[in-house]
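Breakdown of the fold
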Amino acid sequence: MFKQNAVRLTAVVLVMRYTGLRIRDVVTLRKDHVRDGKLFLRTAKTGTEVFCPLPAVVTDALDRIGANGEHFFWTGKSKPKSAVGDYQRALRTLFNLAETPRVYTHLFRHTFATELLMAGNSLETVAALLGHSSTKVTEKSYAHWVKGRQEKLEDAVKNSWAQMGTVDGVQTHEGEA
């Protein structure tokens, strides 16, 4: 039983980490919503359709679960809120054992979003993947990452000028060029 719980918790964490889904959407994830290495579902909160490719580490973890029924992590017999609470408690215990008290399940969603933004993706793309009803919601939570990305882009341009010798002594956000 312990090994199966570890397999499930691993899969829950990986799905949250690589999809940006809320824990309820992960816990109630239907098997038929994962096909050909891709995830499709409507998020429970906004009803927005989410389509996201999954890395092999996630699909492999889902395959290892071996769950019966329609869902990966939930039997479908209890209320979703109860199942989510069970997973939240199990993950909180795991994070405490790992001595990471500041880690919580929503942090995986933030990691997913900030990595997308830092990789140069638009607010519109991130908003769609997170299931936000508008880019304003995304911007409110992640505007500082967009600003940081813009500063890095400006620094890259200024550094290229300095390396080519076209501009002397360009000051960047991280210091001198």
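Residues numbered from 1 in each chain as written. Predicted model: local features only at pLDDT ≥ 70, side-chain atom pairs only at ≥ 80, totals over all residues. Heavy atoms only, no water.

Take the nonpolar core next. Within the largest apolar cluster, 31 residues are counted, with the highest numbers of intra-cluster contacts made by Val15, Leu62, Ile65, Phe73 and Leu91. With eight residues, helix H1 (residues 2–19) is the single largest residue contributor to this core. Not counting residues up to four positions away in its chain, the partners in contact with Phe73 are Arg8, Ala11, Val12, Val15, Val26, Val27, Leu62, Ile65 and Tyr87. By size, the runner-up hydrophobic cluster in this structure holds 10 residues, among which are Phe112, Leu117, Leu123 and Leu129. (Core = buried A, V, L, I, M, F, W, Y, C linked by side-chain atoms within 4.5 Å. Buried < 20%, exposed > 50% of the residue type's maximum accessible area, 1.4 Å probe, protein only. Helix = DSSP H or I, 4+ residues; strand = E, 2+ residues; numbered from the N terminus. Contact = heavy atoms within 4.5 Å.)

With that settled, the discussion passes to a nonpolar patch on the surface. Taken together, the side chains of Val157, Trp161 and Met164 make up a nonpolar region of the molecular surface, amounting to roughly 310 Å² of accessible area. For Val157, the location among the structural elements is in helix H7 (residues 135–164). (Patch = residues over 30% accessible without salt bridge, like charges linked within 9 Å, V, L, I, M, F, W, Y side chains within 5 Å. Areas by Shrake-Rupley, 256 points an atom, 1.4 Å probe, with all protein chains shown as cover. Salt bridge = Lys/Arg side-chain N within 4 Å of Asp/Glu carboxyl O.)

Of the pockets and cavities examined, the largest pocket occupies roughly 480 Å³. Put simply, the parts of the chain that give the lining of the largest pocket at least two residues each are H1 and helix H4 (80–97). Ranked by the residues each element gives to the lining of the largest pocket, the list is headed by H4, at seven residues. Taken together, the residues that form the lining of the largest pocket break down as 12 nonpolar, seven polar and two charged. (1 Å grid on protein atoms, 1.4 Å probe; cavity = no way out; pocket = protein on both sides within 12 Å on 5 of 7 lines; lining within 4 Å. Points joined across faces, edges and corners; volume = space filled by probe spheres on them. Nonpolar A, V, L, I, M, F, W, Y, C, P; charged D, E, K, R; others polar.)

Moving on, we come to the side chain of Thr19. If you trace the backbone, Thr19 turns up in helix H1. Separated by 2.5 Å, the side chain of Thr19 and the backbone oxygen of Val15 make a polar contact. At 3.2 Å, the side chain of Thr19 forms a polar contact with the backbone nitrogen of Leu21. In this structure Thr19 touches Leu39, Cys52, Leu54, Phe112 and Leu129, once residues within four positions along its chain are discounted. (Polar contact = N/O pair within 3.5 Å; in protein donor to acceptor, adjacent residues only side chain to side chain.)

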